[in-house]
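The lines below spell out each chain.
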Amino acid sequence: MSGSSKLVGLGGSVPLKGSFSAVADLSAGKYTGDLNLKATSGQFRIFGFLPVSANIGFDQVGQPTGTVSNKAVTFNGKLTIKLTKVALFGIPIYQGDSCKTKKPSDIQLKSVGNFDVLKGGKLKGKYSLSETVKCGPLSPIIGAFVASDGNTVDIDLAAKK
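Just so we're clear, the structure is a prediction, and the values are computed from it rather than from any experiment. (Residues numbered from 1 in each chain as written. Predicted model: local features only at pLDDT ≥ 70, side-chain atom pairs only at ≥ 80, totals over all residues. Heavy atoms only, no water.)

### Describing the overall build of the protein
- Secondary structure assignment for the protein yields 1 helix and 12 strands.
- Tracing the protein from N to C terminus, the helices and strands come up as β-β-β-β-β-β-β-β-β-β-β-α-β.
- On C-alpha atoms alone, the protein measures out to a radius of gyration of 17 Å, which is about the 15 Å that the 2.2 N^0.38 rule sets for 161 residues.
- Seen through its principal axes, the protein has C-alpha atoms that stretch 50 × 30 × 25 Å.
- Within the protein, the proportion of its 161 residues that are buried is 39%.
- Contacts in the protein between residues far apart in sequence, at least 24 positions, make up 58% of those at least 6 positions apart.
- Roughly 9,200 Å² of accessible area belongs to the protein as shown, and the carbon and sulfur atoms make up 56% of that amount.
- Computed over 20 positive and 10 negative side-chain charges, the separation of the two mean positions in the protein equals 4 Å. (Helix = DSSP H or I, 4+ residues; strand = E, 2+ residues; numbered from the N terminus. Rg over C-alpha atoms; globule rule 2.2 N^0.38 Å. Buried < 20%, exposed > 50% of the residue type's maximum accessible area, 1.4 Å probe, protein only. Contact = heavy atoms within 4.5 Å. Areas by Shrake-Rupley, 256 points an atom, 1.4 Å probe, with all protein chains shown as cover. Lys, Arg positive; Asp, Glu negative; His and termini not counted. Charge placed at Lys NZ, Arg CZ, Asp CG, Glu CD.)

Next comes the structure, spelled out in structure tokens:
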């Protein structure tokens, strides 16, 4: 699995890589799975000109579920987003493991075009991010830039070989 997510509040995108494994009941057209996204990082511009970088991690909340048919799938899952390092002008302003979104994000994706359950395909969707908490002395400022609606995800999902 690979793709990207555009973060509206931070004015940039991050690459996404990871894996998804699922157990499907094809006769019922449903599945339950486990999402494992690798940590990533991104370069952003807040206010359109201040350079900020962030290292980002993900924690799955519960198990994702969805529907599956011959040519389409949906994905419904929840993720807590973690910031392990935030830097402004290359100078770290937060580093640690406590900074995370206050609420998990509901990620809802739908296949685009014909999705082949044996080969994979493209998934797209939108999600919101709540403000972050426990990010040190600048937590309210960091949280205000992270909180956003209309963030997008574009994923290419391929069958395991």
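### Here we look at the environment of Asp-34
- Position of Asp-34 relative to the elements: it lies in strand β3 (residues 30-37).
- Each C-alpha atom of the pair Asp-34 and Asp-97 lies 22 Å from the other, and the pair is 63 residues apart in sequence.
- Here Asp-34 is in contact with Ser-19, Phe-20, Ser-21, Gln-60, Gln-63 and Pro-64, once residues within four sequence places are set aside.
- At a separation of 3.4 Å, a polar atom in the side chain of Asp-34 contacts the side chain of Gln-63. (Polar contact = N/O pair within 3.5 Å; in protein donor to acceptor, adjacent residues only side chain to side chain.)

### Digging into the pairing of β3
- Along β3, the buried face is formed by Tyr-31, Gly-33, Leu-35 and Leu-37; none of Lys-30, Thr-32, Asp-34 and Asn-36, which line the opposite face, is buried.
- Pairing geometry for strand β2 (residues 12-25) and β3, over 8 bridges, is antiparallel. In the sheet register, Ala-22 faces β3, and the bridge partner there is Gly-33.
- Hairpin geometry of β2 and β3 is characterised by an intervening segment of 4 residues between the two adjacent antiparallel strands and by a positive phi of about 75° at Gly-29.
- Bridge count for β3 against strand β5 (residues 50-67) is 3 bridges, and the pairing is antiparallel. Residue pairing in the sheet places Thr-32 in a bridge with Thr-65 of β5. (Pairing = 2+ DSSP bridges.)

### A word on the state of the cysteines
- By the definition in use, this model includes 1 disulfide.
- The disulfide that involves Cys-99 links it to Cys-135, with 1.9 Å between the sulfurs. Taking the sign of the torsion about the S-S bond as the criterion, the disulfide between Cys-99 and Cys-135, at about 70°, is right-handed. With Cys-99 in the loop between β7 (91-95) and β8 (100-101) and Cys-135 in the loop between β11 (132-133) and α1 (139-146), this residue pair connects regions lying 36 residues apart in the sequence. Assigned by exposure class, Cys-99 and Cys-135 land together as buried. (Disulfide = S-S within 2.5 Å.)

### Points about the nonpolar core
- Ranked by internal contacts, the top residues of the largest apolar core, which has 37 residues, are Leu-7, Ile-56 and Leu-83.
- Contact partners of Ile-56, with chain neighbours within four places excluded, come to Leu-7, Val-14, Ala-39, Thr-40, Phe-44, Ile-81, Lys-82, Leu-83 and Thr-84. (Core = buried A, V, L, I, M, F, W, Y, C linked by side-chain atoms within 4.5 Å.)

### Topic: the environment of Leu-109
- The residue Leu-109 is located in strand β9 (residues 105-116) in this model.
- Leu-109 gets classed as buried once you look at its relative accessible area, which sits at 7%.
- Remark: the alpha-carbon pair of Leu-109 and Tyr-127, spanning 18 residues in sequence, is separated by 9.1 Å.
- Beyond its immediate chain neighbours, meaning those up to four positions away, Leu-109 contacts Val-73, Thr-74, Phe-75, Leu-123, Lys-124, Gly-125, Val-153 and Ile-155.

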